[in-house]
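What follows is the residue order along each chain.
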Amino acid sequence: MIPSQRHRFAIPAEVHYLNCAYMAPLSHAVIAAMDEGARAKASPWRYKPADFFTVSEHFRERAARLAGVPADCIAIVPSASYGLAVAAANVPLARGQEVVTLADQFPSNVYVWQDLAARVGGRMRAVERPSQDCWTAAVLDAIGPDTGIVAVPHCHWADGRVVDLVAVGARCREVGAALVLDLTQSLGAMPLDFAAVDPDFAVAANYKWLMGPYGTGMLYVAPRHHEGRPIEHNWINRAGSEDFARLTRYRADFQPGARRFDMGEKANPPLLLGASAGLDFLLEFGVEVIAESLAEQTGAIAAKAAGLGMETAPVGVRAPHFLSLGFGGGVPEGLTERLAERGVHVSLRGQSLRVTPHLYNDAADADALIAALG
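These numbers come from a predicted model, not from an experiment.

Looking now at the sheet that holds strand 3 (residues 98-102). Strand order in the open sheet made by the seven strands is 2-8-7-6-5-3-4, with mixed pairing throughout. The open sheet has two edge strands with one neighbour each: strand 2 (74-77) and strand 4 (123-127). Between one strand and the next, the sheet's axes are offset by a mean angle of 20°, whatever the strand orientation. In this structure, strand 7 (residues 201-205) lies alongside strand 8 (residues 217-221), joined through five bridges in antiparallel fashion. Following the sheet pairing, Ala202 is matched in strand 8 by Tyr220. Sheet contacts for helix 6 (residues 165-175): strand 5 (147-153) and strand 6 (178-182); angle to strand 6, the most-contacted strand, approximately 155°.

This is the structure:
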């Protein structure tokens, strides 16, 4: 298990922040990198034309290493919704076909498909999970000849229960359906074999499990979509944009790979240097070891919560970094507010308490949570 890295974050001893699924705190290294990036803008005469590209590629290379994919498959996006909009513009949906999602899925991965389905005469199909199991069987049952797109996460944002994406990817290929993933609540904390899953697109915002600032994200684009249509046309994504003297010699071709899908004004040093520093923190340990350490933390909390009569699902049914604590008698009134008064910060989602620690947590945080719940 990775020792607590609390010393690398500005978290007071009396604060017990077990809420990474809400928003990760920024480490000292991320803040320093963002400060460095802001100072670059403070002296623009030192910011060379080449820097518009090196800062972006610095982030792209790290994002690719974390995902285990070629750098050419990574686009830089400002949010999950932007990446999903790129996906919706590049995967086909015919009249009468269905878009399969999870019930109560996060809205960013629903609204874009509702809009697409309405425009082409398609249908939405929200899969219900009828038992306390993971979502896999229900998703696989929903995929059939009428399925055009499957748009799901790796784990549900509210309860942490997983989807076996390798099995879902194989089923999508059987029926010819596109697979689009929102990995905002899993990438960086839960291993994923992109080659085995083979999604068409997969997006993750940086401000949760990727430990970076708000307003940045990464989009995986499968090579089969590298000639696709971007949702905006900015100067820097076109081929030859490195030569500032020839920008008005307009070109129809793009920078290689997924770069055509990069957001405008991507060369933002404070955000991208901060996001890169967040990825460096994860790469230092590796996602597999991080997942094991977080599973150790959530398992210890689950065991203690069981002594209070609270219900949990085992790792495998739920993601290793996600713990959903259920209340047999219903959620107590004002629960999260009362916990916050004791310095314990978690989230309430539906009828369960979402507890999501990270490497900055320690045993004192878990003990404070259990004591407060008791």
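This next bit is on the side chain of His226. Relative to the helices and strands, His226 resides in the loop between strand 8 and helix 8 (269-285). Residue class for His226 comes out buried when judged on its relative accessible area of 12%. Excluding residues within four positions of it along the chain, His226 makes contact with Asp72, Cys73, Val221, Gly257, Ala258 and Arg260.

This next bit is on a nonpolar patch on the surface. Together, Tyr22, Met23 and Tyr214 give the surface a local cluster of nonpolar side chains, amounting to about 350 Å² of exposed area. Summarising the element assignment, Met23 is placed in the loop between strand 1 (16-17) and helix 1 (28-42). Overall, Met23 belongs to the partly exposed group, its relative accessible area being 36%.

This brings us to the environment of Pro332. Relative to the assigned elements, Pro332 resides in the loop between strand 9 (323-326) and helix 10 (335-341). Overall, the relative accessible area of 31% leaves Pro332 in the partly exposed class. It is 25 Å that separates the C-alpha atoms of Pro332 and Asp133, two residues lying 199 residues apart in sequence.

This part takes up the nonpolar core. It is characteristic of soluble globular proteins that their nonpolar side chains tend to be buried jointly. In terms of nonpolar packing, the biggest core is built from 92 residues, with Trp113, Ile149, Leu181, Leu183, Phe194 and Met218 touching the most fellow members. Setting aside its immediate chain neighbours within four residues, Ile149 contacts Val91, Pro92, Leu93, Glu98, Val99, Val100, Trp113, Leu116, Ala177, Ala178 and Val180.

The end-to-end C-alpha separation of helix 4 (residues 108-120) is 19 Å, in line with the 18 Å expected for 13 residues at 1.5 Å each. In the core, the buried residues of helix 4 are packed alongside helix 3 (80-88), strand 3, strand 4, strand 5 and strand 6. The positive-phi residue at the C-terminal boundary of helix 4 is Gly121, with phi of around 85°.

Let's shift gears to the sheet that holds strand 11 (residues 347-349). Spatially, the three strands line up as an open sheet ordered 9-12-11, and their pairing is antiparallel. Every other strand in the sheet has two partners, leaving strand 9 and strand 11 as the edge strands with one partner each. Taken over all neighbouring pairs, the strand axes of this sheet differ in orientation by 35° on average, direction set aside. Bridging between strand 11 and strand 12 (residues 352-355) involves three bridges; their strand directions are antiparallel. Within strand 12, the residue paired with Ser347 across the bridge is Arg354.

Our focus in this paragraph is the environment of Phe281. Examined against the element boundaries, Phe281 turns out to sit in helix 8. Sequence separation of Phe281 and Ala29 is 252 residues, and the distance between their C-alpha atoms is 8.6 Å. Setting aside residues up to four positions removed in sequence, Phe281 forms contacts with Gln5, Arg8, Phe9, Met211, His358 and Leu359.

So, about unusual backbone geometry. The residue Met211 is not glycine, and still its phi comes out positive at about 65°. Mapped onto the elements, Met211 comes out in the loop between strand 7 and strand 8. We classify Met211 as buried; its relative accessible area is 2%.

Cut-offs applied
Residues numbered from 1 in each chain as written. Predicted model: local features only at pLDDT ≥ 70, side-chain atom pairs only at ≥ 80, totals over all residues. Heavy atoms only, no water. Pairing = 2+ DSSP bridges. Helix = DSSP H or I, 4+ residues; strand = E, 2+ residues; numbered from the N terminus. Axes fitted to C-alpha atoms, helices over the stretch in contact; angles between N-to-C directions. Contact = heavy atoms within 4.5 Å. Buried < 20%, exposed > 50% of the residue type's maximum accessible area, 1.4 Å probe, protein only. Patch = residues over 30% accessible without salt bridge, like charges linked within 9 Å, V, L, I, M, F, W, Y side chains within 5 Å. Areas by Shrake-Rupley, 256 points an atom, 1.4 Å probe, with all protein chains shown as cover. Salt bridge = Lys/Arg side-chain N within 4 Å of Asp/Glu carboxyl O. Core = buried A, V, L, I, M, F, W, Y, C linked by side-chain atoms within 4.5 Å. Expected span 1.5 Å × (residues − 1).

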